[in-house]
Amino acid sequence: MSAADKIKNAAEDLAGKAKEAVGHVTDNDKLVAEGKADQAKSDVKQAGENVKDAFKH
């Protein structure tokens, strides 16, 4: 996994966490769900990159 990919995945995860937190504070269930979805998407990308890295070694 390239450093740029790691940074993008971390940023997406962080944005999702922020969205989820704002949703909780403002009692906005839609925003909470969007934040969790963003985090899940980041996790899937991370897992895919880890699999690619495993096959490189």
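Residues numbered from 1 in each chain as written. Predicted model: local features only at pLDDT ≥ 70, side-chain atom pairs only at ≥ 80, totals over all residues. Heavy atoms only, no water.

### Focus: the overall build of the protein chain
If you tally the helices and strands in the protein chain, you get two helices and zero strands. Seen through its C-alpha atoms, the protein chain measures out along the principal axes to roughly 45 × 15 × 10 Å. The buried share of the protein chain, taken over its 57 residues, is 26%. Once local pairs closer than 6 in sequence are excluded, the contacts in the protein chain between residues at least 24 apart make up 47%. Total accessible area computed for the protein chain in this model is approximately 4,100 Å², and 62% of it derives from carbon and sulfur atoms. When the 10 basic and 11 acidic side-chain charges of the protein chain are each reduced to a single mean position, those positions are 5 Å apart. (Helix = DSSP H or I, 4+ residues; strand = E, 2+ residues; numbered from the N terminus. Buried < 20%, exposed > 50% of the residue type's maximum accessible area, 1.4 Å probe, protein only. Contact = heavy atoms within 4.5 Å. Areas by Shrake-Rupley, 256 points an atom, 1.4 Å probe, with all protein chains shown as cover. Lys, Arg positive; Asp, Glu negative; His and termini not counted. Charge placed at Lys NZ, Arg CZ, Asp CG, Glu CD.)

### Details of the side chain of S42
Here S42 lies in helix α2 (residues 29-56). Residues within four places of S42 in sequence aside, it is in contact with N9, E12 and D13.

### A word on α2
Between its first and last C-alpha atoms α2 spans 41 Å; for 28 residues at 1.5 Å apiece the expected length is 40 Å, and the two agree. Inspection of α2 places L31, V32, G35, D38, Q39, S42, E49 and D53 among the buried residues, and these make up the whole buried set. Buried residues belonging to α2 abut α1 (3-25). (Expected span 1.5 Å × (residues − 1).)

### A look at the pattern of salt bridges
Within the structure shown, the criterion is met by seven salt bridges. Here K19 ties to D38 by a salt bridge, and the two come within 3.1 Å at their closest N and O atoms. Pair noted here: K19 is in helix α1 and D38 is in helix α2, with a separation of 19 residues, a long-range link. It is possible to trace a salt-bridge network through shared partners that takes in K19, K30, E34 and D38. (Salt bridge = Lys/Arg side-chain N within 4 Å of Asp/Glu carboxyl O.)

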